[in-house]
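# Geometric and topological summary
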Amino acid sequence: MARPGVAFVIMAGGKGERLWPLVRATVPKVCVSVDGVHTLLGATLERLRPVAPSAEVLIVTTASQRHAIRRMLPAREHRSLVVEPQPKNTAACVALSAALLAQRDPTLVMGVGPADHWLKPVGAFHRALRAAIELAHEREQIVTVGIPPTRP
């Protein structure tokens with residue numbers, strides 16, 4: 001079976017109120033560095049690239065954060081930035097991304113995740129994400145990857 005086309009949607013619109021004073025109007029949460037080297041968004045991009053190196057990437061953010069995020073992105077990623085018409089949380093972000101990607105290629109497997117997670121080591125994540133992509137492609141269905149919840 002041919003490898004599926006993949007697109008990663010990175011949700012990068014959160015306010016980051018719990019990270020104050022690191023996060024301010026001029027410094028969105030995803031532009032903060034946890035390790036002093038990588039921003040949360042930069043680490044997310046680096047974590048996803050090995051899974052599907054040719055994947056299309058959409059980085060979805062809000063109008064108030066777009067300039068700060070664009071400044072921190074390498075030039076090759078500028079075309080990946082999508083600004084939500086209105087911030088309406090996760091479901092609207094995913095629906096907008098799905099509509100944009102379906103216009104480009106309705107056969108893509110779309111992976112969606114936040115830009116504000118910090119995962120180390122990433123080996124198990126890579127294996128799980130590759131398996132999820134293959135399963136979604138083979139069965140043409142939604143696959144979720146995550147930690148089983150222990151409380152609401």
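Worth saying up front: this structure is predicted, and the values here are computed from it rather than measured. (Residues numbered from 1 in each chain as written. Predicted model: local features only at pLDDT ≥ 70, side-chain atom pairs only at ≥ 80, totals over all residues. Heavy atoms only, no water.)

## Regarding the layout of surface pockets
Gaps between atoms show up when a probe of the same size as a water molecule is rolled over them. Computed from the structure, the largest pocket encloses a volume of approximately 1,200 Å³. Around the largest pocket sit 37 residues that line it, and Met110, Gly111, Val112, Leu129 and Val143 are the ones nearest its centre. If you list the elements that add at least two residues to the lining of the largest pocket, you get β1 (6–11), α1 (40–48), α3 (89–104), β4 (109–114) and α4 (123–139). Looking at the lining of the largest pocket, the element that brings in the most residues is α4, giving eight residues. Looking at the lining of the largest pocket, its residues break down into 25 nonpolar, nine polar and three charged. Here the second largest pocket defines a volume of roughly 510 Å³. Around the second largest pocket, the lining comprises 25 residues; the ones closest to its centre are Ala12, Gly13, Gly14, Lys15 and Thr62. (1 Å grid on protein atoms, 1.4 Å probe; cavity = no way out; pocket = protein on both sides within 12 Å on 5 of 7 lines; lining within 4 Å. Points joined across faces, edges and corners; volume = space filled by probe spheres on them. Helix = DSSP H or I, 4+ residues; strand = E, 2+ residues; numbered from the N terminus. Nonpolar A, V, L, I, M, F, W, Y, C, P; charged D, E, K, R; others polar.)

## A short note on the packing of aromatic side chains
One pass over the full model with this rule turns up zero aromatic pairs. Directly above the aromatic system of Phe125 lies the positively charged group of Arg47, at a separation of 5.8 Å from the ring centroid. (Phe/Tyr/Trp six-rings, centres within 6.5 Å; stacked < 30°, edge-to-face > 60°. Lys NZ or Arg CZ within 6 Å of the ring centre and 35° of its normal.)

## Details of the environment of Gly5
Mapped onto the secondary structure, Gly5 falls in the segment before β1. A sequence separation of 103 residues divides Gly5 from Leu108, and the C-alpha atoms of the two residues are 4.8 Å apart.

## Quick look at α3
The terminal C-alpha atoms of α3 lie 23 Å apart, and with 16 residues this matches the ideal 22 Å at 1.5 Å per residue to within 8%. Within α3, the full set of buried residues consists of Cys93, Ser97 and Leu101. Down the axis of α3, the sector holding all buried residues measures 55°, keeping them to one side. Facing away from the buried side of α3 by more than 90 degrees, the exposed set consists of Ala91 and Gln103. (Expected span 1.5 Å × (residues − 1). Buried < 20%, exposed > 50% of the residue type's maximum accessible area, 1.4 Å probe, protein only. Arc of directions from axis to C-beta.)

## Quick word on unusual backbone geometry
Negative phi values dominate among residues other than glycine, just as trans dominates among peptide bonds. Following Lys120, the chain continues into Pro121 via a peptide bond in cis, with omega recorded as -10°. Take Pro121: it is sitting in the loop between β4 and α4. Notably, Glu140 is not glycine yet its phi reads approximately 50°, a positive angle. Take Glu140: its relative accessible area is 74%, and that puts it in the exposed class.

## Details of the sheet that holds β4
If you trace the four strands from one edge of the open sheet to the other, you get β3-β2-β1-β4, paired in parallel fashion. Whereas interior strands pair on both sides, the edge strands pair on one side only; in this sheet they are β3 (81–83) and β4. Each strand of the sheet is rotated relative to its neighbour by a mean of 25°, with strand direction disregarded. In this structure, β1 lies alongside β4, joined through six bridges in parallel fashion. Across the sheet, the residue bridging to Met11 is Pro114, located in β4. (Pairing = 2+ DSSP bridges. Axes fitted to C-alpha atoms, helices over the stretch in contact; angles between N-to-C directions.)

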